[in-house]
Structure formats: C-alpha cells, structure tokens
Amino acid sequence: MLKMSVNEVKDSRIDGIKTKIRVVPDFPKKGIMFQDITTLLLDSKSFKDTIDLFVERYRDMNISVVAGIEARGFIFGPPIALAIGAKFVPLRKPKKLPGEIIFEEYELEYGSDRLEMHARAVDSGDRALVVDDLIATGGTLCAAVNLIERVGAEVVECACVTELPELKGKERLEGKPLCVLVEYR
Amino acid sequence: MFAAENGLKGDPRLEAISAAIRVVPNFPKNGIMFQDITTLLLDHKAFKHTVDIFVDRYKDMQISVVAGVEARGFMFGPSIALAIGAKFVPLRKPGKLPGKVISESYELEYGHDRLEMHVDAVEPRERVIIIDDLVATGGTLSAAISLMESQGAVVVECACVIGLPEVKGQHKLKGKPLYVLVEPSGIDGFC
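Conventions we followed
Residues numbered from 1 in each chain as written. Chains lettered and ligands numbered in written order. Predicted model: local features only at pLDDT ≥ 70, side-chain atom pairs only at ≥ 80, totals over all residues. Heavy atoms only, no water. UniProt positions renumbered as here; feature names shortened; annotations may be inferred. Helix = DSSP H or I, 4+ residues; strand = E, 2+ residues; numbered from the N terminus. Buried < 20%, exposed > 50% of the residue type's maximum accessible area, 1.4 Å probe, protein only.

The name given to chain B in an unreviewed UniProt entry is adenine phosphoribosyltransferase, with the source organism recorded as Thlaspi arvense. Under the UniProt heading Subunit (unreviewed entry), the entry covering chain B gives this text: "Homodimer." Under the UniProt heading Catalytic activity (unreviewed entry), the note attached to chain B is "AMP + diphosphate = 5-phospho-alpha-D-ribose 1-diphosphate + adenine".

The name given to chain A in an unreviewed UniProt entry is adenine phosphoribosyltransferase, with Thlaspi arvense as the source organism. Per UniProt, the comment on chain A under Pathway (unreviewed entry) is "Purine metabolism; AMP biosynthesis via salvage pathway; AMP from adenine: step 1/1." Recorded in UniProt under Subunit (unreviewed entry), the annotation for chain A is "Homodimer."

(A) Fine view of unusual backbone geometry. Cis geometry marks the peptide bond from A:Glu70 to A:Ala71, where omega comes out at -5 degrees. Put simply, B:Glu70 and B:Ala71 share a cis peptide bond, and its omega is -5 degrees. With respect to the helices, strands and loops of the structure, B:Ala71 is situated in the loop between β3 (65-69) and α4 (73-84). Non-glycine residue B:Asn26 carries a positive phi angle of around 60 degrees. Looking at where B:Asn26 falls in the secondary structure, it is placed in the loop between β1 (22-25) and β2 (33-36). Given the relative accessible area of 42%, B:Asn26 is considered partly exposed.

(B) A look at the UniProt feature "domain: Phosphoribosyltransferase" (unreviewed entry) in chain A. Under the UniProt annotation, "domain: Phosphoribosyltransferase" (unreviewed entry) lies at residues 45-167 of chain A. Here residues 45-167 of chain A is 31% helix and 35% strand, with 30 Å between the C-alpha atoms at its ends.

The following block contains the structure:
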C-alpha cells in the first residue's frame, strides 16, 4: 500500500492540530473512539494550519478538482480548492443533487448506501483530490474514487485530516494514494 | 438587504456569481425552480468572488464565530471564517454531532426538522454571522438565531448567497439583519 505521509516531514503544526481534535468514546457506536474535528474548527490558527498543510502539499501538483464527501468534506475541501485554483465538487448522499447524476453504491455494516456526483462536474482530463475529515471504513472514499475514475479522471490522492484506525479503512482503499495528517499508530 | 442595494451596485462580481448559478426546474418537486450553487463551485473565480465579498463585509466587524447551516452552508462558511480569523461552527441535522448538543426545531412545509449545535461551541457575547447558500422562508436561519441566542451570543447578521422573492424588501429576520448577494437566477442563466 502506497502511503505518503506528511508526518515524515515531522511538521510541528501537526502536533498542534492533533491536540485540537476531540476524542468522543463510543460514537457512533460502542467501541469506536470518534475523532471529532469540530473542536479543531473552533481554533482558527489550527484550522488554518490544517488547510495550509494540504495546500502546500497539493498546489504544485496540477490539481483541477477537489471533491469533498458530504458533509465534513465540505468543510475542508472548499478552502483547499480556492487556495489551489481548483473546482470544488460535492459528493453527496442520495437525492440531494438536483441535476443529472452518476452514483456508486457501497457497503455499510448492515445494508448499503450510495454516493452521488453531478454527471458533468468532472471530466476525463481532470486531476482530482478526494477530501474528507477522516477515513473510517474507507467505504465512502472508495466509492468516491470509483466515481471519479469512472468519468476518466485521475485521483491523485485521498486526503483526510485523521483516521479511525480500528475500522481498517486504509486496507479497503487497496493501494490508492492516501494522505492522513494526524495518524494513529 | 441585497448587496446591490448596499454598496455593491453595478459590481461585476455579482453578475458573475449570478451567471454561475444553475436553475433546475421542478426539483425537488414540481413548481420549484431550484437554485443550484454547485455550478458556482465549479467556477473558481466566481466562487472566490463570493467568499471575498463576504470577507470584505465582515473582516472589520469583530466577528468571532461563523456558523454554517448543514450542508451547503459548510461550503461557504469555513473559507470566510478562515479569512477573518473566526471560529467555524457547524449547525447540523439531528444525531450527527458527537458531543453534547442543544437543538431547536423549525417548520417544514409538511412537518418539522431540528437543527443542533455543540453546547461548547459558542460563548456568551460572541459576535456571530450565520451563513447558508439560500434563504427562502427563513425558518432554518430563525432556528439558527435561536440556538445562538440561547448561548448568550449575539447574531450580527445572517448572510446568504441567494435570496428568494419572499425576503425581498425584508431587511431583518427575527430582528436580525439579513444580507444577500443575488436574487434567484432565471431559467435562461447558466447551462
């Protein structure tokens, strides 16, 4: 699995960001130590550091699309897109997008769900990032990657602020490039 | 109040923003001309203009909180918050926020919904802007104002990219100023 880690650079901003993320035990269910980024958003400097780290990483990589996964991907994706001059594309739950859509189904623990994208938002020449606040099971990230690749675009990397390692999302991504700012070893 | 009547008359950015918004007829149901801002987000310049206009307005107003209504308020609020050095507070549908929450219900056409906020997100006397992509009846924004006021915060203004005809001529929502960039785009607009 190819994993390019910003931690390899040991940027001191990452330690600050980590302290601002609140751990909420047993959410959404028992046994999960949930990484709550809303407390990070309350700290203007640390939120800015988070965006800056991603922007520094991606601004010279000719990224034309930042795709954000509903809903917390909508918080981090647009500031990155604006800073690097890319389009922002929301990837949404069913029936939210008003225009012609394409969709990808993905498995949940019980049952399945669907991720939708406007059919003409991304095209085959695009180089895309997929952004979400965290990687959990990896289900939505995989669906996002599949959607973007289906229209012929290239997913350069998936970018997440943090992870829920107990849910093994990295394995589910099966080698797709992934950058997690705050990792848990 | 609309931006064009409040200092930005003739500003070409407003026209660019309006032109970038796509109208989708009969969504989510017959008779609704849906104002789709996803095409605005695909237009980097117009999206940047949108954020810049709000930032220019609020940067010297000692705003410490930008609250965004789920989910399209999340697409605009954080960039504004970052640029003016304010906190970003997400106002969410029930059950999404992991910590202790307060909630406020509001009317839908049929039935009710609820808006939630973390109890520790805003402090008394903080100065707040509430942002969403569009204001129609003002029901969700009113619920958001109530959430803020219940914590002792002061809502300075509600800000939306688009304002439906119902709000034209209305300068205030629940006693709070309302600032809107553009009117709904017509069917002959983008795409």
